[in-house]
Amino acid sequence: MNSFSKEIVTNTPEETLGLGIKLAPFIGIGKIAYLKGPLGAGKTTLVKGITEFYKCSQPAKSPTFILVTSYFGDISINHCDFFRLNNSEEIFDLALEEYLEDGNLIIEWPEIGEKYLPKPDLEIILEHTDLSSQRKIIIKSNNKESLEKLL
Ligand SMILES: Nc1ncnc2c1ncn2[C@@H]1O[C@H](COP(=O)(O)OP(=O)(O)O)[C@@H](O)[C@H]1O
Ligand SMILES: [Mg+2]
């Protein structure tokens, strides 16, 4: 996960959503993205951009107790949020691979079960800065060429 790494700064939630739209083509069917960063960093905001790009009938939102929420559009966006995962072994019961047949997997809080998760195609790390509406977003991937053109 080191061949490509780029840092981007966004200054509004809309810019983070826009980054999600730009990254969406790299997270198509069969692809896996990890989203890391503390609460409020903008992970779900970025997923909203992905559901918008794929014309899903609803925008992504923060789940309360559900571990995987699917949004249906041109492809299925399968949004995992493992913040409330009690036991990393619960991931086995989710049969995540099956979601990859007609969609992707976008995983918030992968740290909580990383050893049981499939490896990601893209890793996105979001951080707060000293400015309340600013975020530092680091994108890592092995798909160097196409991402370099895009970002
Ligand atoms: N530049 C920014 N990018 C993303 N969100 C931002 C930004 N500035 C402020 N925010 C706010 O931070 C919050 C991010 O929430 P959310 O996307 O649910 O975060 P997470 O999923 O990481 O917990 C939202 O209330 C959003 O309006
Ligand atoms: Mg979230």
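Going by the structure above, here's the rest.
One structure accompanies this document, and this report is about it.

**What about the coordination of the magnesium ion (ligand 2)?**
Here is step 1: Within the first shell, the magnesium ion (ligand 2) binds the protein through Thr44 (OG1) and Glu108 (OE), at distances of 2.2 to 2.3 Å. Note that Thr44 is positioned in helix 2 (residues 43–53) and Glu108 in strand 5 (residues 103–108), a separation of 64 residues in sequence. Glu108 shares its class with Thr44; the two are buried.

**Quick word on helix 1 (residues 13–23)**
Here is step 1: Of all the residues in helix 1, the buried ones are Thr16, Leu17, Leu19, Gly20 and Leu23. In a view along the axis of helix 1, the buried residues occupy a sector of 155°, so they form one face of it.
Here is step 2: In the core, the buried residues of helix 1 are packed alongside strand 1 (4–10), helix 2, strand 6 (122–128), strand 7 (135–141) and helix 5 (144–150).

**Considerations on the environment of Val68**
Here is step 1: In this fold, Val68 is placed in strand 3 (residues 68–72).
Here is step 2: Val68 sits in the buried class, given a relative accessible area of 14%.
Here is step 3: Along the backbone, Val68 and Tyr116 are 48 residues apart, and their C-alpha atoms lie at a distance of 15 Å.
Here is step 4: Beyond its immediate sequence surroundings of up to four residues, Val68 is in contact with Asn78, His79, Cys80, Leu94, Leu96 and Tyr99.

**Digging into the packing of helix 1 against helix 2**
Here is step 1: In contact at an axis separation of 7 Å, helix 1 and helix 2 are set at 50° when each is read in the N-to-C sense. Judged by the angle between their axes, helix 1 and helix 2 are oblique. Between helix 1 and helix 2 the crossing geometry is right-handed. On helix 2, the residues that touch Pro13, Thr16, Leu17, Leu19, Gly20, Ile21 and Leu23 of helix 1 are Thr45, Leu46, Lys48, Gly49, Ile50, Glu52 and Phe53.

**Observations concerning the pattern of salt bridges**
Here is step 1: Taken as a whole and judged by the stated rule, the model has four salt bridges.
Here is step 2: For the salt bridge of Glu123 with Lys36, the shortest nitrogen-to-oxygen distance reads 3.6 Å. Linking Glu123 in strand 6 with Lys36 in strand 2 (residues 32–36), this pair joins segments that are 87 residues apart in sequence. The burial state of Glu123 is the same as that of Lys36; both residues are buried.
Here is step 3: Residues Glu127 and Lys136 are paired through a salt bridge, measuring 3.4 Å at the closest nitrogen-oxygen approach.
Here is step 4: With a relative accessible area of 24%, Lys136 lands in the partly exposed category.
Here is step 5: Here the salt bridges share partners, and the residues they tie into one network are Lys36, Glu114 and Glu123.

**A closer look at the pairing of strand 5**
On a regular strand, one side chain projects to one face of the sheet and the next to the other, so that they alternate.
Here is step 1: For strand 5, a buried count of six out of six residues is recorded, marking the element as mostly surrounded by other parts of the structure.
Here is step 2: Inspection of the sheet shows strand 2 paired to strand 5 by four bridges, in the parallel sense. What sits directly across from Leu35, in strand 5, is Glu108.
Here is step 3: Bridge count for strand 4 (residues 76–81) against strand 5 is six bridges, and the pairing is parallel. In the strand pairing of strand 5, Ile77 is matched with Asn104.

**Some remarks on the sheet that holds strand 6**
Here is step 1: Overall, mixed pairing links the seven strands, which are arranged 1-7-6-2-5-4-3 in an open sheet. In this open sheet, the two edge strands, each paired with only one partner strand, are strand 1 and strand 3. Across the sheet, the axes of successive neighbouring strands diverge by a mean angle of 20°, strand direction being ignored.
Here is step 2: Looking at chain direction, strand 2 and strand 6 are connected through four bridges and run parallel. Across the sheet, residue Ala33 finds its bridge partner in strand 6, namely Leu122.
Here is step 3: Where helix 2 meets the sheet, its contacts fall on strand 2, strand 3, strand 4, strand 5 and strand 6, and the angle it forms with strand 5 comes to roughly 165°.

Reading guide: rules and limits
Sequence order as written defines the numbering, with residues in each chain counted from 1. The order in which chains are written sets their letters, starting at A; the order in which ligands are written sets their numbers, starting at 1. Where local features are concerned, this predicted model is filtered to residues with pLDDT of at least 70; where side-chain atom pairs are given and counted, the filter is 80 or more; whole-chain, interface and lining totals use all residues. For side-chain calculations, the full set of non-hydrogen atoms in the structure is used, while hydrogens and water are omitted. Coordinating donors are taken as N, O and S atoms within 2.8 Å of the metal, stretched to 3.2 Å for Na, K and Ca; because water is absent from the atoms, sites can appear incomplete. Secondary structure follows DSSP: runs of H or I at least 4 residues long count as helices, runs of E at least 2 residues long count as strands, and numbering of each begins at the N terminus. Each residue is assigned to one of three classes by its accessible area relative to the maximum for its type, calculated with a 1.4 Å probe on protein chains only: buried under 20%, partly exposed between the two thresholds, exposed over 50%. By arc we mean the arc of the directions from the helix axis to the C-beta atoms, nothing more. Contacts: residue pairs with any heavy atoms within 4.5 Å of one another. Fitting a line to C-alpha atoms yields each axis, with helices limited to the stretch in contact; the angle taken between N-to-C directions then spans 0 to 180 degrees. For classification, angles of less than 35 degrees are called roughly parallel, those exceeding 145 degrees roughly antiparallel, those between 65 and 115 degrees roughly perpendicular, and all remaining angles oblique. In this scheme the crossing of two helices becomes right-handed for a clockwise turn of the near helix relative to the far one and left-handed for an anticlockwise turn of less than a right angle. Between Lys or Arg on one side and Asp or Glu on the other, a salt bridge is scored when a side-chain nitrogen of the former is within 4 Å of a carboxyl oxygen of the latter. Pairing between strands is defined by DSSP: at least two bridges between the two strands are required.

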